[in-house]
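# Fold and geometry: a report
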Amino acid sequence: MTKKTAFRIFLIGTLSSAALFLWATYDTQRQVATLSHVDKLSDEVVAGKRVFERHNCNDCHTILGFGAYYAPDLTRVVQRVGDDGIRFRVKHPEQAFANSWRKMPQQNLSDREISDLVAFFTWVGEVNNNDWPPQDSRKRISRGEQMMVAKVGVSPGAAVFQTKGCMNCHSLNGTGGTFGPALDKIGASLSAEEIGKYVRNPKGVNPKAMMPSQKDNLSERELEEVARFLANMK
Amino acid sequence: MEYRSQKVAYWYFAAALPLFVLQIFLGLYLAFSYTFTVPQSVVDVFPFATARAMHTNLLVLWMLLGFMGGTYYIVPEETNSEIFSVKLAYLQLIALLAIGVIALVGFFFGWTKGRPLLEIPPPLNYFVVVGALIFLFNVGMTMIKANRWTATQGTLLGGLVFLAVLYLFGVPFYRNEVTDWYYWWWVIHLWVEGAWELITASIFAFVLMKLTGVERVVVEKWLYVEIGLFLFTGLAGTGHHYYWIGAPRYWLWIGGIFSALEPLPIILMLVDTMNHVKERKNPIVNRLTWTYAVGCAVMHFIGAGIWGFLHTLPQINYYTHGSQVTASHGHLAFFGAYALLNLMTFYYAMPKMKGIVEYDDTRGKYGFWMMTCAMMLMGLTFGVAGVLQSYVERVLGMGFMTAQSYMRLWMGATFFIGIIFLAGVLTTVTDLLTIRPKVRAQA
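Residues numbered from 1 in each chain as written. Chains lettered and ligands numbered in written order. Predicted model: local features only at pLDDT ≥ 70, side-chain atom pairs only at ≥ 80, totals over all residues.

## Description of the overall build of chain B
Assigned secondary structure in chain B consists of 15 helices and zero strands. In terms of overall size, chain B behaves like a compact globule, its C-alpha atoms giving a radius of gyration of 21 Å where 443 residues would be expected to give roughly 22 Å. Taken along the three principal axes of its C-alpha coordinates, chain B extends 65 × 50 × 45 Å. Counting across all 443 residues of chain B, residues that qualify as buried make up 60%. Put simply, of all contacts in chain B between residues at least 6 apart along the chain, 83% involve residues at least 24 apart. (Helix = DSSP H or I, 4+ residues; strand = E, 2+ residues; numbered from the N terminus. Rg over C-alpha atoms; globule rule 2.2 N^0.38 Å. Buried ≥ 20, exposed ≤ 12 C-beta atoms within 10 Å, placed from the backbone. Contact = placed C-beta atoms within 7 Å.)

Structural data, given as structure tokens:
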């Protein structure tokens, strides 16, 4: 091989890849409006994005999987913890994370800024991004749930509890989140029906409840299974 | 050292080294925060996010200073001429350092653009652009005036121009988060898998040529093939960052295929280095410089080649994306490809600029091995944590903090190995700054 041939290899390699890349960029620009629902990209959402950046949130959290890995991904945070959950965590991190061994800083945001932030997360949560992240994907987790029931032989309710995000806030036997109460003894005070009712609409039972309603997150069958499972925790 | 103006490089290197040390201290704070509870009162004042912004920006700053110093060292020898303006080179160094210090202090007080790795806020980032333009002007004028073009020089200039142009895509505010990430990767990915690879490939070619004495025509022939492959796989390979951001689905194919090929140029570089070392025409005078050259090629291959390949396919990346697996890859790749390259250049050039032909490499050897072994281990501990996270959080769906509690042990191990790494860095930096001639025992 001569130096001239080598130079040709360099030229062809670079130009062909660049051509493909630039074409795909052009096409992506065309499609991104639909994929990210640009019609819903309001000034409020953009204001929220500015709040998100001004407070450097992205250097602890990831969003769309990018950023730092110190705190949970925020792509589907609205689906996961609900509007109120976000508001409480941002407004009173010292309370929200009092029992957590990892803390979140107090950012001193106004209510307006927090609303913008929620609008931003709501918009991001609807971006069509090939169903990522898996932990918040309804499709994937149902598969994990089936797998656990079939292979490991856990009860269907236990599988729901583990795979449907309950453990983001609640714990069993010391494993799980510290945001909500531990549920090791929940069956001693509540029956399966009462648990089911609460999970469907927490605010209906206790107006001060922080927990988001799971009616859209869980099917009727899953709701019953998880309630029965928890009622046995005595 | 053949030209007086090459001496500028020394100050670039000397400025880069303390920043490297500072970067590691902040890294330790980050690993500590993953393992132990930092109380609310501290978190409110000095959050993880601030430390992380400092950690990553220090990395970029010291490495860019290294590249720039390297350029000022190489260009005179390649062009057979003095640098166009030595004053401008010093001015640019002072300007960049000032920007860096202001940015770091600014981060502490919450002055940030809030985009990871590109936190330097406007108008400070405009000054970064001005600094880059001064640098390019100075280097470009030197080359144009000398008019003695070589492939090494061309690649270097091409890489530097590409680097500066790409930075511009990170400057504007994007309303759409999806578009924002799309162009964020034009800076980050096309830097590390495009522009920076061009710069390192040419610096590496230069040092190999000088060190081994292998003919220019052979070294530069392979340089063309390498950078051709780097850009062929790297440009379209940007697609592996577009899987889950809301870009069209064909990126899974483009990203998957091209990034699966990304190890090829790195393998070629490794084989090529080994061949040049084997067919050397020069005797090995400073063994440590050679160790760095080979170490860089090997660690570049492990960190960027293997570790990158492991989680680049969409089927795997779906579970590992945005987890500690990425941190593992990032640390190994940056260390292997860029930290070792810069340190190799420092070990090659700094003794020469002090007029030392053969330097005492006792301390330097300890430094190299402590850093390299510790980083390899850290790659593994981050990796184990990442696999645990992918499984517990993403496959089982047990929640972020549950996964973190399983990972805690491994992040703790990372912290303690990080202390060894710091010791290695301190040894290396001290050695470089106080490098001494080798004293031969009297016969």
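## Here we look at the overall build of chain A
Along chain A, the regular secondary structure elements total 11 helices and four strands. Computed over the C-alpha atoms, the radius of gyration of chain A is 23 Å, more than 25% above the 17 Å expected from 2.2 N^0.38 for a compact globule of 234 residues. When its C-alpha atoms are laid out on the principal axes, chain A stretches across 80 × 50 × 35 Å. When burial is assessed residue by residue, chain A has 44% of its 234 residues classed as buried.

## What to know about the domain arrangement of chain A
Residue and element names in this part refer to chain A. Here chain A is described as being made up of domain 1 (38-125) and domain 2 (137-231). In this structure, domain 1 and domain 2 have C-alpha centres spaced 24 Å apart. In this complex, domain 1 contributes nine residues to the contact, which on the side of domain 2 involves six residues. The residue inventory of the side of domain 1 that touches domain 2, partitioned by class, reads three nonpolar, four polar and two charged. (Domains from an automatic or database assignment. Nonpolar A, V, L, I, M, F, W, Y, C, P; charged D, E, K, R; others polar.)

## So, unusual backbone geometry
Following A:Trp132, the chain continues to A:Pro133 via a peptide bond in cis, the omega torsion being 0 degrees. In this model, B:Pro122 is joined to B:Pro123 through a cis peptide bond whose omega is 0 degrees. Unusually for a residue other than glycine, B:Asn80 sits at a positive phi of about 55 degrees. Overall, the presence of 10 C-beta atoms within 10 Å leaves B:Asn80 in the exposed class.

## Remarks on the nonpolar core
Residue and element names in this part refer to chain B. The biggest cluster of nonpolar side chains holds 203 residues, and the ones touching the most others in it are Tyr12 and Met344. Top contributing element to this core by residue count: helix α7 (residues 177-212), with 23 residues. Other than its neighbours up to four places away in sequence, Met344 contacts Val207, Thr289, Tyr292, Ala293 and Cys296. (Core = buried A, V, L, I, M, F, W, Y, C linked by C-beta atoms within 7 Å.)

## Thoughts on the domain arrangement of chain B
Where interface size is quoted, it is often the accessible area lost as the parts come together. Residues and elements named next belong to chain B. The assigned domain composition of chain B is domain 1 (1-120), domain 2 (150-282) and domain 3 (302-434). Distance from the C-alpha centre of domain 1 to the C-alpha centre of domain 3: 18 Å. Contact residues are listed per partner, giving 22 residues for domain 1 and 23 residues for domain 3. Looking at the side of domain 1 that touches domain 3, the elements with two or more residues in it are α1 (8-35) and α3 (48-79). At 14 residues, the largest contribution of residues to the side of domain 1 that touches domain 3 is made by α1.

## A short note on the environment of B:Tyr12
Relative to the elements of secondary structure, B:Tyr12 occurs in helix α1. The contacts of B:Tyr12, once residues within four sequence positions are left out, are B:Leu65, B:Met68, B:Gly69, B:Tyr72 and B:Leu93.

## Here we look at α3(B)
Since one α-helical turn is 3.6 residues long, residues separated by three or four positions face the same way. Residue and element names in this part refer to chain B. Across its 32 residues, α3 extends 46 Å between first and last C-alpha, which sits within 8% of the 46 Å expected from 1.5 Å per residue. In terms of residue burial, α3 counts as a mostly covered element, since 30 of its 32 residues are buried. Phi for Asn80, located one or two positions after α3, is positive at around 55 degrees. (Expected span 1.5 Å × (residues − 1).)

## A look at the packing of helix α1 (residues 3-35) of chain A against helix α8 (residues 216-237) of chain B
Direction vectors running N to C along α1(A) and α8(B) enclose 10 degrees, while the axes themselves pass 8 Å from each other. As the angle between them shows, α1(A) and α8(B) are arranged roughly parallel. Note on element contacts: α8(B) touches α1(A) through B:Val217, B:Glu220, B:Lys221, B:Tyr224, B:Val225, B:Ile227, B:Gly228, B:Leu229, B:Leu231, B:Phe232, B:Leu235 and B:Ala236, opposite A:Lys3, A:Ala6, A:Phe7, A:Ile9, A:Phe10, A:Gly13, A:Thr14, A:Ser16, A:Ser17, A:Ala18, A:Leu20 and A:Phe21. Among the residues forming the contact of α1(A) with α8(B), the class breakdown is 16 nonpolar, five polar and three charged. (Axes fitted to C-alpha atoms, helices over the stretch in contact; angles between N-to-C directions. Parallel < 35°, antiparallel > 145°, perpendicular 65-115°, else oblique.)

## Focus: the interface of chain B and chain A
Contacts between the two partners involve 64 residues from chain B and, on the opposite side, 67 residues from chain A. Residue contributions to the side of chain B that touches chain A peak at 12 residues, all from α8(B). When grouped by side-chain class, the residues that make up the side of chain B that touches chain A number 34 nonpolar, 19 polar and 11 charged.

## Structural notes on helix α11 (residues 220-231) of chain A
Here α11(A) spans 17 Å end to end across 12 residues, near enough to the 16 Å set by a 1.5 Å rise per residue. Looking at the buried side of α11(A), the elements it contacts are α7 (156-163), α8 (186-189) and α9 (192-200) of chain A.

## Observations concerning the packing of helix α10 (residues 263-278) of chain B against helix α11 (residues 287-310) of chain B
Residues and elements named next belong to chain B. Two elements in contact, α10 and α11, have axes whose closest approach is 9 Å; the angle formed by their N-to-C orientations is 160 degrees. The orientation of α10 with respect to α11, classified from their angle, is roughly antiparallel. Regarding α10 and α11, the two cross each other, and that crossing is left-handed. Between α10, through Pro263, Ile266, Ile267, Met269, Leu270, Thr273 and Val277, and α11, the contact on the second element is made entirely by Trp290, Ala293, Val294, Ala297, Val298, His300, Phe301, Ala304, Gly305, Ile306 and Phe309. Residues that form the contact of α10 with α11 fall into these classes: 15 nonpolar, three polar and no charged. (Left-handed = near helix turned anticlockwise from the far one by under 90°.)

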